[in-house]
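Architecture at a glance
In case you want the letters, here they are:
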Amino acid sequence: MPDQSTPRGPNTDSYGAELSRTPLRDTAPGTELTRRRVLGLGAALGLVAAGGTNAAAAPSRHRDNTGGQLRSAVPLPEPYTVPLPVPPVLAPADTSGGTDRYEITQRQVTARILPEVTTTLWTYNGTYPGPTIESRRGRPVTMRHRNELPVPTVVHLHGGRTPAGSDGYPTDLVLPDGWPDPAPGRHGEANMAHDPRAVTSRTTREYTYPLDQRAALLWYHDHRMDFTAPAIWRGLAGMHIVRDEVEDALDLPGGERELALMIADRAFADDGSLAYPALDPELRDRPGVTEPYAAGVLGDVILVNGAPWPVHEVDAVRHRLRLVNASNARHYRLEAVTDDGHRLDLVQIGADQGLLATPVTLTDLPIAPAERYDVVIDFAGLPPGSRVRLRNRLGSGRTRDVMAFRVARAASDPSTIPEVLCDDLPSWRRSQVTMLRRFTFRAGHTEQGVGWFVNGEPFDPTRTDVYTWRGAVEVWRLTADVHHPVHLHQTGFQVLSRDGRAPLPHDAGLKDTVSLRPGETADIIVRFDVHRGRYLFHCHNAEHEDMGMMANLEIV
Ligand code: C2O
Ligand code: CU
Ligand code: CU
């Protein structure tokens, strides 16, 4: 595999000329991550829990989360008492001309998440999660968003293969009524300069999604410059399911036996509001969080589809769980346990970007922020009345619980899990690779305090970090100090290796987010094969993202 800054290989000739005019630079940082540096900075910031970054302590080093945990100041319900909500599927306002047109209003509502208090949320159409969108592969969708919130917003469809103009670039803001027009210097807080390429609008914006992509669970969320983390925390997230014929041809569990589950942690202040350690509680001017939470904000309440530790009644048959971790910083390691202590298999059938080639049987499943996993769990043989808990092996105390299933009755099960799920996964080969790029994801210091950097630099919307060309196949070598779930916009990738060894079983399939563990280096292979334009890649620890750990990718 080439390790260099200029392309070579059998398929480079046609764009060699273009490349020589393009200011490609070798992004190799030159220095390897040193243990001393990681420990020094990590310990100073309280980022690294016991066991930290000692690579020799491999089995234990992954158990911890990166971040600081808030404690709720209100009574919390007993686990497994609140029913699991199923977010409504939004009906299109119009389906003429081969396009599904949707309308969403972003507005503040008061909701009852905990039984004893009410909570103010920022929502898509009044609910958290927002309405679920169901689409067919290749059938375009337009989403008309109206911003009635007190701050600018911008919507990103995570996992969507979307033209750049609709991808929700962080400065492409939809300004609410009364918000001042953006001017140079207006965005001058923190790390960023004014972005001359920003396309802002007033109160509404229409996003167009071709959705010419594999069936998958995508999710949409806010992506506002410097303020993504608190906006998601307040409720700006929803699910978007894409379906296709490949999946239809299988007899996977469907209907009520297919559950889309958005998992997220939160904490509640004594007035019932969502606690969040923002430096600017109005989220208007000053980004960032207070120092103890600079590595990420963790809550002590686990919500599934917006309900605390919910319970859901099921038939004693296979169920398809479509999981998305919409937490800002919390990692989970999920297991399904019966009350008499048996672990049920989690049969993974899909990843971020859709079906795996073949199922992977797991006893527990790690899931990092923004990752999606599609798993089948079989309740067959469990007597009515029995309970299966979905537990989080990385949690402690109340964060060990996630949700439960209550088996209601025996039933017939027409579903199957075929040995081969699909054959439409890309098969990029190392011989096609024209570029190896290296990126470090590490903490650093800024004038404002702690920052999170890609290759030593905080995000700057006016700087292009990577130029590549449409169709290029590249290997990206990603190195972390603490946990960093790294996400690429627009494109899927495959995990080639972790620390030079084979990827983990759940790394299979096509992904758009890879969970780097402390001190780890992962290689991913990616092809930039759809749209040209300016895209992002970033850490999906949402606090890291807001504090600089994001970079620009220009596809030419
Ligand atoms: Cu989930 Cu840049 O996004
Ligand atoms: Cu994304
Ligand atoms: Cu990170």
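Attention in this report is confined to the structure presented alongside it. (Residues numbered from 1 in each chain as written. Chains lettered and ligands numbered in written order. Predicted model: local features only at pLDDT ≥ 70, side-chain atom pairs only at ≥ 80, totals over all residues. Heavy atoms only, no water.)

**What to know about the overall build of the protein chain**
For clarity, the threshold we go by: Counting from the N terminus, the helices are DSSP H or I runs at least four residues long and the strands are E runs at least two residues long. Here the term buried applies to any residue with accessible area under 20% of the maximum for its type, exposed to any over 50%, and partly exposed to those in between, with areas from a 1.4 Å probe on protein chains only. The contact rule is simple, with two residues in contact once any of their heavy atoms fall within 4.5 Å. Method for areas: the Shrake-Rupley scheme with a 1.4 Å probe, in which residue coverage is limited to the protein chains shown.
Helices and strands together make up the secondary structure of the protein chain, namely 6 helices and 35 strands. Here the protein chain holds 556 residues, and the buried ones make up 60% of them. Contacts spanning at least 24 positions in sequence make up 79% of the contacts within the protein chain whose residues lie at least 6 apart. Carbon and sulfur atoms form 48% of the exposed surface of the protein chain, whose accessible area is close to 20,200 Å².

**A look at the coordination of the copper ion (ligand 2)**
Note the following rule: Metal donors: N, O and S atoms at distances within 2.8 Å, or within 3.2 Å for Na, K and Ca, with water omitted from the atom set so that some sites may seem incomplete.
The copper ion (ligand 2) binds to the protein through His156 (NE2) and His487 (NE2); the donor distances cover 1.9 Å. Pair noted here: histidine 156 is in strand 6 (residues 155–158) and histidine 487 is in strand 30 (residues 484–488), with a separation of 331 residues, a long-range link. Assigned by exposure class, histidine 156 and histidine 487 land together as buried.

**A short note on the environment of methionine 549**
Looking at the secondary structure, you find methionine 549 in the loop between helix 6 (542–546) and strand 35 (550–555). Spatially, the C-alpha atom of methionine 549 lies 5.7 Å from that of histidine 538, the residues being 11 residues apart in sequence. Not counting residues up to four positions away in its chain, the partners in contact with methionine 549 are Phe441, Arg442, Trp452, Phe453, Val454, His484, His538, Cys539 and His544.

**What to know about the sheet that holds strand 3 (residues 119–124)**
What counts, and what does not: Strand pairing follows a simple DSSP-based rule, namely that at least 2 bridges must link the two strands. Angles here are taken between N-to-C directions and fall from 0 to 180 degrees, while the axes themselves are lines fitted to C-alpha atoms, restricted in helices to the stretch in contact.
Taking strand neighbours across the sheet as the criterion, the 4 strands line up as 3-2-5-9 in an open arrangement whose pairing is mixed. Every interior strand has two partners, whereas the edge strands, strand 3 and strand 9 (204–209), have only one. Within the sheet, the average angular offset between the axes of one strand and its neighbour, ignoring direction, is 20°. Relative to strand 5 (residues 141–147), strand 2 (residues 100–111) is paired through 7 bridges, and the arrangement is parallel.

**Structural notes on the packing of aromatic side chains**
Threshold: A pair of aromatic rings is counted whenever rings of Phe, Tyr or Trp (Trp by its six-membered ring) have centres within 6.5 Å, and the orientation is called stacked for planes under 30 degrees apart, edge-to-face for over 60 and tilted otherwise. A positively charged side chain is recorded as over a ring if its NZ (Lys) or CZ (Arg) lies within 6 Å of the ring centre. The angle to the ring normal must also be within 35 degrees.
On inspection of all chains with the given rule, the structure shows 7 aromatic pairs. With centroids separated by 5.0 Å and ring planes inclined at 50°, the aromatic side chains of tyrosine 124 and tyrosine 220 adopt a geometry described as tilted. One end of the pair, tyrosine 124, is in strand 3; the other, tyrosine 220, is in strand 10 (residues 216–222), with 96 residues separating them in the sequence. We classify tyrosine 124 as buried; its relative accessible area is 0%. Aromatic pair tryptophan 233 and tyrosine 276: ring centres 5.5 Å apart, planes at 55°, arrangement tilted. Residue tryptophan 233 is located in helix 4 (residues 228–233), and its partner tyrosine 276 is located in the loop between strand 12 (258–266) and strand 13 (297–298); the two are separated by 43 residues in the primary sequence. For the pair formed by tryptophan 233 and tyrosine 276, the shared burial category is buried. Among the aromatic residues, those joined into a ring-pair cluster are Phe439, Trp476, Phe528 and Phe537. If you follow arginine 398 out to its NZ or CZ, it ends over the ring of tryptophan 309, 3.7 Å from the centre. The side chain of arginine 534 reaches across the aromatic face of tyrosine 169, ending 3.5 Å from its centre.

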